[in-house]
Amino acid sequence: MKKPKNLLKVIFRRRVLVVLTLLIQVALFFTLVAGTGRYLRISYSILSVLSIFVCIYLINKNRKPGYKLIWIFLILLFPLFGGILYITLNIWSNPRKIRRVLNRNIHYSQTSFFLPDSKLDELINVYPDFKTNAHYLQIHAGYPVYGNTRQEYFPSGESYFERVLEELKKAKHYIFLEFFIIKQGYMFDSILNILENKVAAGLDVRIMYDDLGCFFYLPSDFSKQMRKKGIKCFAFNPFRPIVSSLQNNRDHRKIISIDGKVAFTGGLNIGDEYINAVERFGHWKDAAIMIEGDAAWSLTLIFLQMWNLSSYKKDNYSDLYPWKENAIEHTKRNENEDFESWGYVQPYADSPIDHENVGEHVYIQIINQAKNYIYINTPYLIVDDNLLSALTLAAKSGVDVRIITPHRWDKWVVAITSRSYYRRLIKAGVKIYEYTSGFNHGKTFVSDDKIATVGTTNLDFRSLYLHFECGVLLYASDTALKIKEDFLRTLPGSKQIRLNDCSRNALQNIVQDVLRIFAPLM
């Protein structure tokens, strides 16, 4: 795909105008609040009372304590406009429409997740230790347990990309792509070339991307360019020049679904740095997983729930079901594979508009049930008291808790805030390492050789509570061992952080303490 001929024209057509419009709105807001003239005393009283009521509302609202704390702090710091700012961002911009449509899509698709051969009871009978994890995701969140699913773990973007191209070429009916970031370059062009060939062959090809995630990377008419090629394209939650909390809810998922039989997810977006075709922050360390078989259908439905927010004709899910004409057939890639070693697979998704923190609950349950070890890859480490307490308690209880974060960070403010959590974790016995060769972008948990998850959810407030995310939970699968082996291979290229490495002067401590308060907004 050709890059825009006039880059400045593209930038000024959208990017700068959007930013300027936002700044004008902010300036008008402060002018209206502060410039009250002779009515200052009355305005001050009204706004102060309003701020008090907003604080009472926040205290009683079912939200994370961190969000309540930061907003109450801001209101106390700026009593004149703190309350009205919260109302402007959070009440007037309540995303009722998107919540209503998405809930309808979820309800409409719910029964399609459940295949005739349910594996929940079988899993619990054979592995009773997994009951709480599997029961929560299937019965409460609506994401079933599947068997008959082959998995392939990718410890790098290069191995992932090679397999993606191979599987895309095999597509016979449809290809669905959903990404937070898509950047033009070698990786995208290679994928696009295959997609164009598949469209010419009559396949249904769709691309969904997050508009804010791609704000600086794609031209504003990207969807139109794709449609001209015959590819259905949809920008999720278009970024508009309106001050609104809805802009916080981004689609951070990464899904590729091929015919409903093969699906990929993990930390990788589409961009050359993810496959180390270009260098950004040193070597890019990432992780992804491919699932082939029953569970791939689940990720397909997760994609369709979001896709059907678009203006395209709504899908009849049964038309896309890959085994509607024939019984489900599964073939081994080679004769050495053992079906039993595949274990059980449970894809899941997380949504910020249902107030059910699925990703956080998956992580906490793995931590709480660990008996011997838990190894974690995460690019960010900004957690609330629930996760912090779970990690420290596990370490204090004798579990070998290890976390690898980046040494070279993409956001320095996030890096400083992440490191502010190190001291408490290390004191409790958690071993923290920083990947010194570059940027560790993987999001993996593995525990006790028998349970693991690979997905898109970072250990930070945005991923856990604000973004749309997804992942794959694995039980009693040999893939867990491969995730463990990848973690252990990464350790020699990482530096263990000791308690004396966390020492800071008074000014640095103050900066970190302040940033910790604002962590829910990062």
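Residues numbered from 1 in each chain as written. Predicted model: local features only at pLDDT ≥ 70, side-chain atom pairs only at ≥ 80, totals over all residues. Heavy atoms only, no water.

Moving on: the environment of E162. Along the chain, E162 turns up in helix 8 (residues 157–170). Owing to a relative accessible area of 57%, E162 belongs among the exposed residues under this scheme. The spacing of E162 and I275 is 113 residues in sequence and 9.7 Å in space, taken between C-alpha atoms. (Helix = DSSP H or I, 4+ residues; strand = E, 2+ residues; numbered from the N terminus. Buried < 20%, exposed > 50% of the residue type's maximum accessible area, 1.4 Å probe, protein only.)

A separate point is unusual backbone geometry. Its identity is not glycine, yet N237 carries a phi of approximately 45°, on the positive side. Structurally, N237 can be placed in the loop between strand 4 (232–236) and strand 5 (255–258). Positioned with a positive phi, D259 is a non-glycine residue whose angle comes to about 60°. In this fold, D259 is placed in the loop between strand 5 and strand 6 (262–266).

The next thing to look at is empty space enclosed by the protein. One pass over the structure, following the stated rule, counts 1 cavity of 30 Å³ or more. Reported here for the largest cavity is a volume of approximately 70 Å³. Taken together, F113, F114, L115, D117, S118, K119, P144, V145, Y146, G147 and D294 make up the full set of residues lining the largest cavity. When grouped by side-chain class, the residues that make up the lining of the largest cavity number 6 nonpolar, 2 polar and 3 charged. (1 Å grid on protein atoms, 1.4 Å probe; cavity = no way out; pocket = protein on both sides within 12 Å on 5 of 7 lines; lining within 4 Å. Points joined across faces, edges and corners; volume = space filled by probe spheres on them. Nonpolar A, V, L, I, M, F, W, Y, C, P; charged D, E, K, R; others polar.)

On to the sheet that holds strand 4, then. What the 7 strands build is an open sheet, ordered 1-8-6-5-2-3-4; its pairing is mixed. Two strands in the sheet have a free side with no partner beyond their single neighbour: strand 1 (149–154) and strand 4. Here the strands of the sheet are splayed against their neighbours by 10° on average, with no regard to which way each runs. The pairing of strand 5 with strand 6 spans 4 bridges and is antiparallel. From the neighbouring strand, I258 faces strand 6, where its bridge partner is V262. (Pairing = 2+ DSSP bridges. Axes fitted to C-alpha atoms, helices over the stretch in contact; angles between N-to-C directions.)

If you check helix 8, its first and last C-alpha atoms are 20 Å apart, about what 14 residues at 1.5 Å a residue would give, namely 20 Å. Where helix 8 is concerned, the buried positions are G157, Y160, F161, R163, V164, L165, E167 and L168. Lining the buried residues of helix 8 we find strand 1, strand 2 (174–179), helix 9 (186–200), strand 5, strand 6 and strand 8 (288–293). (Expected span 1.5 Å × (residues − 1). Contact = heavy atoms within 4.5 Å.)

In a beta sheet, neighbouring strands pair by backbone hydrogen bonds and run either parallel or antiparallel. Spatial strand order, 9-16-15-14-10-11-12-17: 8 strands in an open sheet with mixed pairing. For this open sheet the edge positions go to strand 9 (344–350) and strand 17 (494–497), each flanked by a neighbour on one side alone. Neighbour-to-neighbour, the strand axes of this sheet turn through a mean angle of 20°, independent of strand direction. As paired strands, strand 14 (residues 444–447) and strand 15 (residues 451–455) are joined by 4 bridges and run antiparallel to one another. The residue bridging F445 from the neighbouring strand is T453, located in strand 15. Lying over the sheet, helix 7 (residues 131–140) contacts strand 9, strand 15 and strand 16 (469–475), oriented at roughly 50° with respect to strand 9.

Inspection of every chain in the model, using the stated rule, returns 21 salt bridges. Taking the shortest distance from any N to any O, the salt bridge between R250 and D210 comes out at 3.0 Å. Placement of R250 in the loop between strand 4 and strand 5 and of D210 in strand 3 (residues 204–210) is noted, with a sequence separation of 40 residues between them. Assigned by exposure class, R250 and D210 land together as buried. (Salt bridge = Lys/Arg side-chain N within 4 Å of Asp/Glu carboxyl O.)

Looking now at the packing of aromatic side chains. By the definition in use, this model includes 26 aromatic pairs. Considering the side-chain rings of F130 and Y475, the 5.0 Å spacing of their centres and the 45° angle between planes classify their relative orientation as tilted. Taken as a pair, F130 in the loop between helix 6 (120–126) and helix 7 and Y475 in strand 16 lie far apart in primary sequence, 345 residues in all. Since its relative accessible area comes to 3%, F130 is described here as buried. Here Y475 falls in the buried class, since its relative accessible area comes to 0%. Relative to F445, the ring of Y363 lies with its centre 4.0 Å away and its plane at 5°, an arrangement referred to as stacked. (Phe/Tyr/Trp six-rings, centres within 6.5 Å; stacked < 30°, edge-to-face > 60°.)

When you line up the elements, D384 lands in the loop between strand 10 (373–377) and helix 14 (385–396). At a separation of 3.2 Å, a polar atom in the side chain of D384 contacts the main-chain amide nitrogen of N386. At a separation of 3.3 Å, a polar atom in the side chain of D384 contacts the main-chain amide nitrogen of L387. When neighbours within four sequence positions are excluded, D384 is seen to be in contact with K64, E360, F461 and Y465. (Polar contact = N/O pair within 3.5 Å; in protein donor to acceptor, adjacent residues only side chain to side chain.)

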